[in-house]
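As a plain string of letters, each chain reads:
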Amino acid sequence: MAGLDLLRCLAILVVVVFHYPRPQGHDAYQTFANFGWTGVELFFVLSGFLIGSQLMEPVSRGETPSLRRFYLRRALRILPSFLVVLGLYLFVPAWAEQPVVTPAWRFLTFTQNFGLRRNGFSHAWSLCVEEHFYLVLPLTVLALRGRLRAPSLIALAGGVMLGGMLLRGGLWMGFFSTLGPGDPAWREYDKLLYYPTYARLDGLTCGVMLAALRVFRPAAWERWTRGGRARGLAAVGLACLGGVLFINEEHYRYLPYVLLAFPLASVGFAALLMSLAGPTASRVCARIPGVKTFAVLSFTVYLVHKAVQHGVRDALEPRGMDAFHPVTVLGGAVAVLLASLALHHGVERPALKWRERLERRLAPKKPEPRPAVT
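Described in the following lines is the structure provided in the data block. Note on numbering: residues in each chain are counted from 1, in written sequence order. Where local features are concerned, this predicted model is filtered to residues with pLDDT of at least 70; where side-chain atom pairs are given and counted, the filter is 80 or more; whole-chain, interface and lining totals use all residues. Neither water nor hydrogens contribute to the side-chain values; these are computed over all heavy atoms in the structure.

## With respect to the overall build of the protein chain
Basically, it comes down to this: Elements are defined by DSSP. Helices are runs of H or I of four residues or more, strands are runs of E of two residues or more, and each kind is numbered from the N terminus. Atoms counted for the radius of gyration: C-alpha only. Globule rule: 2.2 Å times residue count to the power 0.38. Partly exposed residues are those whose accessible area sits between 20% and 50% of the maximum for their type, while under 20% is buried and over 50% is exposed, using a 1.4 Å probe and protein chains only. Using a 1.4 Å probe, accessible areas were evaluated by the Shrake-Rupley method; residue-level cover was limited to the displayed protein chains. Just so you know, the count uses Lys and Arg for positive and Asp and Glu for negative, and it drops His and the chain ends. Every charge is mapped to an atom, namely NZ of Lys, CZ of Arg, CG of Asp or CD of Glu.
Each helix and strand in the protein chain was counted, giving 16 helices and zero strands. In summary, the protein chain has a C-alpha radius of gyration of 22 Å against a globular reference of 21 Å for 374 residues, a match within 12%. Viewed in the frame of its principal axes, the protein chain has a C-alpha envelope of about 90 × 45 × 45 Å. Counting only residues that meet the buried cut, the protein chain has 47% of its 374 residues in that class. Carbon and sulfur atoms provide 66% of the accessible area of the protein chain, an area that totals close to 18900 Å². Here the protein chain contributes 40 positive and 22 negative side-chain charges, whose respective centroids are spaced 11 Å apart.

The structure is reproduced here in structure tokens:
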């Protein structure tokens, strides 16, 4: 699905912009950069869809998903590159964009996103959410397979999203409803309502629901990813994201944002995913130069972009080039691509090849055919 590659490119682009400095007096750029947090939400929708599909496809064939194979695949996809970059943050202080305050064990146990304050490699919080998802979803699929029908599944997903809204709203009312705009207690906002897993289930839930539709209702999936329906979904998705943009600018960190921003962004990206998952959209997206390559590099770009761009800015600032000098912007982009390519070819690809070899060893051997009796 080349359309999903395009969405992955969009996600990493807006995340990188979100983490870049924002100049005063450039309102259009600031608005776009402020919207960049939605890139992580898009990654969550994609992850819910792709991982959900992997787990549900065996169930649709009456088979039991292999937990050993699933966790092997996830571990060798995520851990090698993550551990290399974590090592740079922990043992090469010059690498980090900020001093690393989070203890190493919080990174290694993927509990960093609880009680997190921004510091070096703090953007790894989203990997914690992903790892919790990888732990819970397979067990949930195994526990519920054959026991849920479509109405119950929809009700369950709606309950998860509504529960998240109520939880965020309750925390906001309890901790932030009486604060003024400049109150220092707002520093607790991200720690309670942005980073924790319980606050970020909307995108994953929407992605899993799309996976269930594709796997268990393939005819309906085909209808809604083609022709006029797909274009209608694209319009719905853009309308939802337009609503998120308005809420983000007018109510950032206030109750409407807390209640609506995450679910509205997730529904919008889910609609866009469906609109781009069909064959026509995929053929168009496949013709866009660089999309597939950049999508493949999205994970390594995510890991290295903050430190590398910070290093470029620090190197060029004494020469009179600020963060928005063309040389700084272009140099930072090239440096991020080179670093991500090095990490991809030096660590990620070898780990994936090793994964393929291990999977072949773990695959059940087919019984030898018995000789015919004469």
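## Notes on helix 3 (residues 38-60)
Stated precisely, the cut-off is as follows: Each helix should span, by expectation, one fewer than its residue count multiplied by 1.5 Å. Bend is computed residue by residue as the angle between axes fitted to the seven residues ending at the residue and the seven residues starting at it.
If you check helix 3, its first and last C-alpha atoms are 32 Å apart, about what 23 residues at 1.5 Å a residue would give, namely 33 Å. Taken as a whole, helix 3 carries its principal kink of about 30° at Ser53. A large share of helix 3 lies buried, amounting to 19 of its 23 residues. At the exit of helix 3 stands Gly62, carrying a positive phi of roughly 80°.

## A word on a positive patch on the surface
Applicable threshold: To count toward a patch, a residue needs a relative accessible area over 30% and no salt bridge; like charges are then connected within 9 Å, while nonpolar side chains (Val, Leu, Ile, Met, Phe, Trp, Tyr) are connected within 5 Å. We define a salt bridge as a side-chain nitrogen of Lys or Arg found within 4 Å of a carboxyl oxygen belonging to Asp or Glu.
Among the surface-exposed residues, Arg349, Lys353, Arg357, Arg360 and Arg361 lie close enough to one another that they form a single positively charged patch. For Lys353, the location among the structural elements is in helix 16 (residues 326-362).

## Here we look at the pattern of salt bridges
For the structure on display, the rule yields 14 salt bridges. As a salt-bridge pair, Glu57 and Arg214 come within 2.3 Å of each other at their nearest N and O atoms. Placement of Glu57 in helix 3 and of Arg214 in helix 9 (residues 202-216) is noted, with a sequence separation of 157 residues between them. Linking Glu359 and Arg73 is a salt bridge whose minimum nitrogen-to-oxygen distance equals 2.9 Å. Of this pair, Glu359 sits in helix 16 while Arg73 sits in helix 4 (residues 67-91), placing them 286 residues apart in sequence. Among the ionic contacts, a cluster of salt bridges with common partners joins Arg69, Arg73 and Glu359.

## Section: a nonpolar patch on the surface
Residues Leu144, Leu156, Val160 and Leu201 make up a contiguous nonpolar surface patch of roughly 260 Å² in combined accessible area. If you trace the backbone, Leu144 turns up in helix 6 (residues 125-144). Of the residues examined, Leu144 reaches a relative accessible area of 30% and is grouped as partly exposed.

## Let's talk about helix 13 (residues 279-286)
Quick reminder of the rule: The arc in question is the one traced by the directions running from the helix axis out to the C-beta atoms. For this analysis, residues touch if any pair of their heavy atoms sits within 4.5 Å.
For helix 13, the set of buried residues is Ala281, Ser282 and Cys285. In a view along the axis of helix 13, the buried residues occupy a sector of 100°, so they form one face of it. In this structure, the buried residues of helix 13 make contact with helix 1 (2-18), helix 12 (255-276) and helix 14 (291-296).

## Quick word on the packing of helix 15 (residues 298-316) against helix 16
Just so we agree on the cut-off: Axis lines are fitted to C-alpha atoms, over the contacting stretch for helices. Their N-to-C directions set the angle, which ranges from 0 to 180 degrees. Oblique is the label for any angle not under 35 degrees, not over 145, and not in the 65 to 115 range, which are roughly parallel, roughly antiparallel and roughly perpendicular in turn. Should the near helix be turned anticlockwise from the far one by less than a right angle, the crossing is left-handed, and should it be turned clockwise, the crossing is right-handed. For this classification, Asp, Glu, Lys and Arg are treated as charged, while Ala, Val, Leu, Ile, Met, Phe, Trp, Tyr, Cys and Pro are nonpolar and the rest, including Gly, are polar.
Contact pair helix 15 / helix 16: the axes reach a minimum separation of 8 Å and the direction vectors enclose 140°. On the basis of the axis angle, helix 15 is oblique to helix 16. The two elements helix 15 and helix 16 cross, and the hand of that crossing is right-handed. Contact residues: helix 15 offers Phe299, Thr300, Val301, Leu303, Val304, His305, Val308, Gln309, Val312, Arg313 and Leu316, while helix 16 offers Val327, Thr328, Gly331, Gly332, Ala335, Val336, Ala339, Ser340, Leu343, His344 and Glu348. Residues that form the contact of helix 15 with helix 16 fall into these classes: 12 nonpolar, eight polar and two charged.

## Notes on the environment of Arg73
Note on Arg73: relative accessible area 17%, which makes it buried. In this structure the C-alpha to C-alpha distance between Arg73 and Glu249, which are 176 residues apart in sequence, comes to 40 Å.

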